[in-house]
Amino acid sequence: NETSRMWYYLKREHIALKNGGDPNEQTLFHGSKTNSYKVIIQEGLDHRVANLGGSIGAGIYFGQESTISESYVPYNNNMFQHPNLMFLNPMYPNHRGKKRSHQPYNHPPPPATRQMLMCRVVLGSCVPGQGGLRRPPQKNDGELHDSVSGPGMFVVFENSQSYPEYLIHF
């Protein structure tokens, strides 16, 4: 989306100017519900739909590593309807009451069933976050920081601070 990209680059320049020329731009990951990606790609990420109970604030969350964002990505239910796959769970007994064995099976791997975004994110001045934040905390001079962080995560509170660059299928 060209409009979202334009707003992102304008915001990046603004944050760089107020932070001594360093926008603190990073490539980060964002996981969401499968049916959300079409809207996100067309309109950009939207902090208005953020979870108000987020652990480091109510904004747009990004993972520093893909494994962090992966935990927020559900499996597509179509995976379990794939005709060439048989899933065995050894914890369920068979018809004779015995546990099923861990038998390997020679089937093709499931098709890509999950998605995640790789995004450009301008973090600017980033400080530790906390639950209940609806915007970044204030600096000593009264100006706001640009983002907050937690273990392996970052949160921005303005839509134009991120730009979804790639949709990853896995």
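If you look the chain up in an unreviewed UniProt entry, it shows as Poly [ADP-ribose] polymerase from Planoprotostelium fungivorum.

## Quick word on the side chain of Lys11
Within the secondary structure, Lys11 is located in helix α1 (residues 2-18). According to the relative accessible area criterion, Lys11 is buried, its value standing at 14%. Those residues within four positions of Lys11 in sequence are excluded, and the remaining contacts are Glu158, Ser160 and Gln161.

## Concerning the environment of Thr34
Within the secondary structure, Thr34 sits in the loop between β1 (25-30) and α2 (37-43). Counting along the chain gives 80 residues from Thr34 to Arg114, while the straight-line C-alpha distance between them is 7.3 Å. If near-sequence neighbours (up to four positions away) are discounted, Thr34 is found in contact with Pro74 and Gln115.

## Some remarks on the nonpolar core
Formed by 13 residues in total, the largest nonpolar core has its most connected members in Leu45, Phe62 and Val121. When residues in this core are grouped by element, the largest group, three residues, is from strand β3 (residues 115-122). Setting aside its immediate chain neighbours within four residues, Val121 contacts Tyr8, Asn24, Glu25, Gln26, Leu28, Phe62, Val156, Gln161 and Ser162. Ile56, Val127, Met153 and Val155 belong to the second-largest nonpolar core, a separate cluster that totals eight residues.

## Remarks on a nonpolar patch on the surface
A cluster of nonpolar side chains, contributed by Met6, Trp7 and Leu10, occupies part of the molecular surface with about 330 Å² of accessible area. With a relative accessible area of 48%, Leu10 lands in the partly exposed category.

## Description of α1
Here α1 contains 17 residues, and its C-alpha end-to-end distance of 25 Å stays within 8% of the 24 Å for a straight helix at 1.5 Å per residue. The inward-facing, buried residues of α1 abut β1, α2, β3 and β7 (162-169). Its side-chain oxygen placed 2.9 Å from the backbone nitrogen of Thr3, Asn1 serves as the N-cap of α1.

## Structural notes on unusual backbone geometry
For Asn24, which is not glycine, the phi torsion reads 55° and is therefore positive. One can find Asn24 in the loop between α1 and β1. For Asn24, a relative accessible area of 23% gives the class partly exposed.

## Here we look at the packing of aromatic side chains
The tally for this structure, following the rule as stated, stands at two aromatic pairs. Aromatic pair Tyr8 and Tyr9: ring centres 5.4 Å apart, planes at 75°, arrangement edge-to-face. Exposure remark for Tyr8: the relative accessible area of 0% places this residue in the buried category. Ring centres 6.4 Å apart and planes at 35° place the aromatic pair Tyr8 and Tyr163 in the tilted group. Residue Tyr8 is located in helix α1, and its partner Tyr163 is located in strand β7; the two are separated by 155 residues in the primary sequence. Tyr163 matches Tyr8 in its accessibility class, with the two residues each being buried. Put simply, the rings of Tyr8, Tyr9 and Tyr163 touch in pairs and so form one group of aromatic residues.

Cut-offs and rules
Residues numbered from 1 in each chain as written. Predicted model: local features only at pLDDT ≥ 70, side-chain atom pairs only at ≥ 80, totals over all residues. Heavy atoms only, no water. Helix = DSSP H or I, 4+ residues; strand = E, 2+ residues; numbered from the N terminus. Buried < 20%, exposed > 50% of the residue type's maximum accessible area, 1.4 Å probe, protein only. Contact = heavy atoms within 4.5 Å. Core = buried A, V, L, I, M, F, W, Y, C linked by side-chain atoms within 4.5 Å. Patch = residues over 30% accessible without salt bridge, like charges linked within 9 Å, V, L, I, M, F, W, Y side chains within 5 Å. Areas by Shrake-Rupley, 256 points an atom, 1.4 Å probe, with all protein chains shown as cover. Salt bridge = Lys/Arg side-chain N within 4 Å of Asp/Glu carboxyl O. Expected span 1.5 Å × (residues − 1). Polar contact = N/O pair within 3.5 Å; in protein donor to acceptor, adjacent residues only side chain to side chain. Phe/Tyr/Trp six-rings, centres within 6.5 Å; stacked < 30°, edge-to-face > 60°.

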